[in-house]
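Chain residues, written in single-letter form:
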2 protein chains.
Amino acid sequence: MMATDITQPIQKIHILEDGHVTSPKGFTAGGVHTGLRKKTLDFGWIHSVVPATAAGVYTLNSFQAAPLKLTKKHVDTAKKIQTIVVNSGNANSCTGEDGMKKAHATAELVAKEKGIEEHLVAIASTGIIGVPLPFEPIKKGVQYLNDPLCQNVSDFERAILTTDIETKHIAVEFEIDGKHITVGGAAKGSGMIHPNMATMLGFITTDAVVDSKSLEEALKATTDKTFNMITVDGDSSTNDMVLALANGTQGNTLLNQDHPQWTVFLEGFQYVCKTLAKSIARDGEGATKLIEVEVIEAKTAEVAQAVAKSVISSNLVKTAMYGSDANWGRIITAIGYSNQKIEPEHVKVSIGDTVVVEKGIGVPFDEEAVMLTLVKDDVKLIIDLQQGQHSATAWGCDLTYDYIRINSSYRT
Amino acid sequence: MMATDITQPIQKIHILEDGHVTSPKGFTAGGVHTGLRKKTLDFGWIHSVVPATAAGVYTLNSFQAAPLKLTKKHVDTAKKIQTIVVNSGNANSCTGEDGMKKAHATAELVAKEKGIEEHLVAIASTGIIGVPLPFEPIKKGVQYLNDPLCQNVSDFERAILTTDIETKHIAVEFEIDGKHITVGGAAKGSGMIHPNMATMLGFITTDAVVDSKSLEEALKATTDKTFNMITVDGDSSTNDMVLALANGTQGNTLLNQDHPQWTVFLEGFQYVCKTLAKSIARDGEGATKLIEVEVIEAKTAEVAQAVAKSVISSNLVKTAMYGSDANWGRIITAIGYSNQKIEPEHVKVSIGDTVVVEKGIGVPFDEEAVMLTLVKDDVKLIIDLQQGQHSATAWGCDLTYDYIRINSSYRT
């Protein structure tokens, strides 16, 4: 299905200068402050003018939060969602029956306020785990859903943040059947970011008419190559999900995997997901730089993925990157413990454009040139296994004093 | 085979007040400074008066260092080792043919100096990866092997350290067939410590007569419950190994798994390994405290181990412990992403003696009492899965500013 390689340059796709989750036709979004957090916006929403075809991917954590369970049930009901509400400040996770009741009550209130069926409401929560969700703020937030003064997509983007610093948004345009299709997205990330979904919420919107099953498969396959390839600290949370909504307002002929221009749609969709995923990694807790690990010439796609994830997750690689130290021994070590059959004598490692390991052995290199590469905001490590034809890319960030500061005093 | 539970109190075993790897009869050890490191001791040895029955466990990292490969070959030759030499300052890893030649040359020099066959020599290296091993210091070190003024076990213990702060040693005594048997041990750890062997070296000695196959199996099974259950930072190195030597100088009847007192030997052996493993975790890079995670009532031993390792490895749990923060949401999260079938509604979590989660949901607890537990040097987390009868314990440490400081400037 994934006919196009995500790492190839995008053809036919135009990136909007200031793209958002509301760039596709028929979507509005907004956010307000309800008191769940002290000062910052903490309650946001996305609304589609008509029920949108919906697909979701969810955390693999055994402890799934109440809002996530309810949203999954609602998406599965008719594969349609019209309104998404998101709160930060409280994850409504490990909150038992009380949490489930409040998730239901939230959906009920939203459905009433928007005049839609309850199963068309998706809810997402992020924040502290295990503390009962204060419900008054939620009630208050719902009252603003239809307020014309509160429909501002930037407020939505800010309302879903927790320890993130930057809002994450993107939109792309392309043509399908002569129709002008837009795909937009918003996300939050920061802590507990790791392959297999993390404290990460992603929302993808499009005004294209998309077949439900094809949308679902596109989301799953793309997530595996994007959101599931980022890590901040190796922790996967209880609340993570990515929702994709296609409201069909452009009236194109139904897009599915047999459509001649399916790959164009997929390219745009993937580009949006990849951009959001990278933004999350770059904005990891305490991060000073984005690290990209590209594994090439692996025997299988699984080996490529496992090696990329192993290196991007290594605390020792991450601290070396923080120190702008070309400590390739740590990269080699992380490749070695990825539990894959690696032939050490074939492995080549480059930091940026500089080869530092050849045939599994360190080679002399220009330390100063590599240092100049490592002090940049974007660092790329390339691992050439020279054992096959498969590749994978993972994204992460450095591990810094600020990560410790943020996480050794979270609750207090 | 493992008839005794390692967590049970030791019976019949006497812990020596100042026990070392040389407490068993017929072992000597020493260490010197050769220049591999700037100032500190960097070359050490253990020698047995007669060839000792030997067993080893080795890193699972695909990149195995030259000294490790050679030692494995030597142990496999006749299951006998008489002299172990260890250098710090350079791991002789990812050093290709040059590294292998130097490992061989080291063994050759040692064999000559000690007047023994080359296959009776084991060598171990720890330190920077990928830098050619300077050979002059090695030559210099070998010259001291027989120097009576340099036979000091504390010097050996210091010579094998890298970023460790404390030497790690222990010995226990017990009776077998009326003979006074001693088991001793020394280890180094600190960075790159993770289940499945780490930048960790362990040396266990005993004066008992032990069957070679039984020693090997005891070492493997014990390592799985001790050295493989510690983590500092999730990185497993290229050089890790544990060697066990039984020189038989006590002349007891051959100890094997059918011997009526085998379990007594095993208790002593396990106690030594467990003590060293815990010392390594406590002395992890930048650590301020030892964390013990005990998982009980798991469906299988694998589930218990996986959950224990998942929690002990979580950066978010480790930073919470550093901040003495009873953030049980992070513990629950780490349980949840252990890839095991967990029934969240049965999970109970305690911090020290205080229950903080019951049936997967947070319960009110005395924050002050838990805080007093968390500020101690030893913190115990108990996870009761209430799904079966299996248990496992893992040890680790907190993640601190000092870990970042140490590792963001290692090479420079």
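Residues numbered from 1 in each chain as written. Chains lettered and ligands numbered in written order. Predicted model: local features only at pLDDT ≥ 70, side-chain atom pairs only at ≥ 80, totals over all residues. Heavy atoms only, no water.

On to the relation of the copies chain B and chain A. The operation linking the two copies of the chain is a rotation about an axis combined with a translation along the axis. Superposition record for chain B on chain A: RMSD 0.0 Å, screw rotation 180°, translation along axis 0.0 Å. Here the copies are linked by what is in effect a two-fold axis. Residues of chain B ranked by C-alpha distance from the rotation axis are headed by Tyr401 of chain B, positioned 2.8 Å from it. By residue overlap, the copies meet face to face through one surface: 100% of the interface positions of chain B are interface positions in chain A. (Least-squares fit on C-alpha atoms with pLDDT ≥ 70 in both. Contact = heavy atoms within 4.5 Å.)

What follows deals with a nonpolar patch on the surface. The grouping of Met371, Leu372 and Val375 of chain A at the surface amounts to a nonpolar patch, some 280 Å² of accessible area in total. Mapped onto the elements of the fold, Met371 of chain A is located in helix 10 (residues 367-374). (Patch = residues over 30% accessible without salt bridge, like charges linked within 9 Å, V, L, I, M, F, W, Y side chains within 5 Å. Areas by Shrake-Rupley, 256 points an atom, 1.4 Å probe, with all protein chains shown as cover. Salt bridge = Lys/Arg side-chain N within 4 Å of Asp/Glu carboxyl O. Helix = DSSP H or I, 4+ residues; strand = E, 2+ residues; numbered from the N terminus.)

We now examine the domain arrangement of chain A. Bring the parts together and some accessible area is lost; that lost area is often taken as the interface size. Residue and element names in this part refer to chain A. Each assigned domain of chain A is listed with its residue range as follows: domain 1 (14-282) and domain 2 (290-407). Counting from both sides, the interface comprises 17 residues of domain 1 and, opposite them, 18 residues of domain 2. Buried surface at the junction of domain 1 and domain 2, summed over both partners, amounts to about 1,300 Å²; 62% is from carbon and sulfur atoms. Linking domain 1 with domain 2 are 1 salt bridge. Taking the shortest distance from any N to any O, the salt bridge between Arg282 and Asp378 comes out at 3.0 Å. Ranked by residues supplied to the side of domain 1 that touches domain 2, first place goes to helix 6 (residues 262-282) with 4 residues. Looking at the side of domain 1 that touches domain 2, its residues break down into 5 nonpolar, 6 polar and 6 charged. (Domains from an automatic or database assignment. Buried area = accessible area lost by both parts, 1.4 Å probe. Nonpolar A, V, L, I, M, F, W, Y, C, P; charged D, E, K, R; others polar.)

Attention now goes to the confidence of the model for chain A. Low-pLDDT stretches of the model should not have their predicted coordinates read in fine detail. All names here are of chain A. Per-residue pLDDT for chain A averages 90, and the proportion of residues at 70 or more is 93%. Overall, residues 1-9 carries pLDDT values under 50, and its contacts beyond four positions in sequence, including any with other chains, amount to 21 contacts. Predicted confidence for residues 193-198 stays below pLDDT 50, and this span has 43 contacts to residues more than four positions away or in other chains. (pLDDT = per-residue confidence, 0-100.)

So, on to unusual backbone geometry. One non-glycine residue, Glu297 of chain A, lies in positive phi territory at about 55°. Tracing the backbone through its elements, the reader meets Glu297 of chain A in strand 10 (residues 290-298). Unlike most non-glycine residues, Lys79 of chain B shows phi in positive territory, near 55°. Residue placement: Lys79 of chain B occurs in the loop between helix 1 (66-78) and strand 4 (80-90). Relative accessible area serves as the criterion here: at 26%, Lys79 of chain B is assigned to the partly exposed category. (Buried < 20%, exposed > 50% of the residue type's maximum accessible area, 1.4 Å probe, protein only.)

Residue and element names in this part refer to chain A. Counting buried residues in strand 10 gives 7 out of 9 residues, a clear majority hidden from the surface. As judged from the 7 bridges shared by strand 10 and strand 14 (residues 378-384), these two strands associate in the parallel manner. By the bridge assignment for strand 14, Ile291 is matched with Val379. Sheet analysis places strand 10 next to strand 15 (residues 390-397), joined by 7 bridges and oriented antiparallel. Directly across from Leu290, in strand 15, lies its bridge partner Cys397. (Pairing = 2+ DSSP bridges.)

Our focus in this paragraph is the sheet that holds strand 15 of chain A. Strand pairing in a sheet relies on backbone hydrogen bonds, with the paired strands running either antiparallel or parallel. Residue and element names in this part refer to chain A. Pairing is mixed across the open sheet formed by 6 strands, whose spatial order is 13-12-11-14-10-15. The open sheet terminates on both sides in strands that have one partner only, identified here as strand 13 (361-362) and strand 15. Relative to strand 13, strand 12 (residues 354-358) runs antiparallel, the two being bridged by 2 bridges. Across the sheet, the residue bridging to Val357 is Gly362, located in strand 13. Seen against the sheet, helix 6 touches strand 10, strand 14 and strand 15 and runs at an angle of roughly 40° to strand 15. (Axes fitted to C-alpha atoms, helices over the stretch in contact; angles between N-to-C directions.)

Among the 9 residues of helix 9 (residues 328-336) of chain B, 9 are classified as buried, and the element is accordingly described as predominantly covered. Those residues of helix 9 of chain B not exposed but buried are Trp328, Gly329, Arg330, Ile331, Ile332, Thr333, Ala334, Ile335 and Gly336 of chain B.

Our next topic: the interface of chain B and chain A. Counting from both sides, the interface comprises 54 residues of chain B and, opposite them, 54 residues of chain A. Of the roughly 4,500 Å² buried at the junction of chain B and chain A (both faces included), carbon and sulfur atoms supply 59%. Joining chain B to chain A, the criterion identifies 0 salt bridges. Across the contact surface, chain B and chain A share 9 residue pairs in polar contact (both at pLDDT 80 or more). Secondary-structure elements contributing two or more residues to the side of chain B that touches chain A are helix 8 (315-322), helix 9, strand 13 (361-362) and helix 11 (401-407) of chain B. (Polar contact = N/O pair within 3.5 Å; in protein donor to acceptor, adjacent residues only side chain to side chain.)

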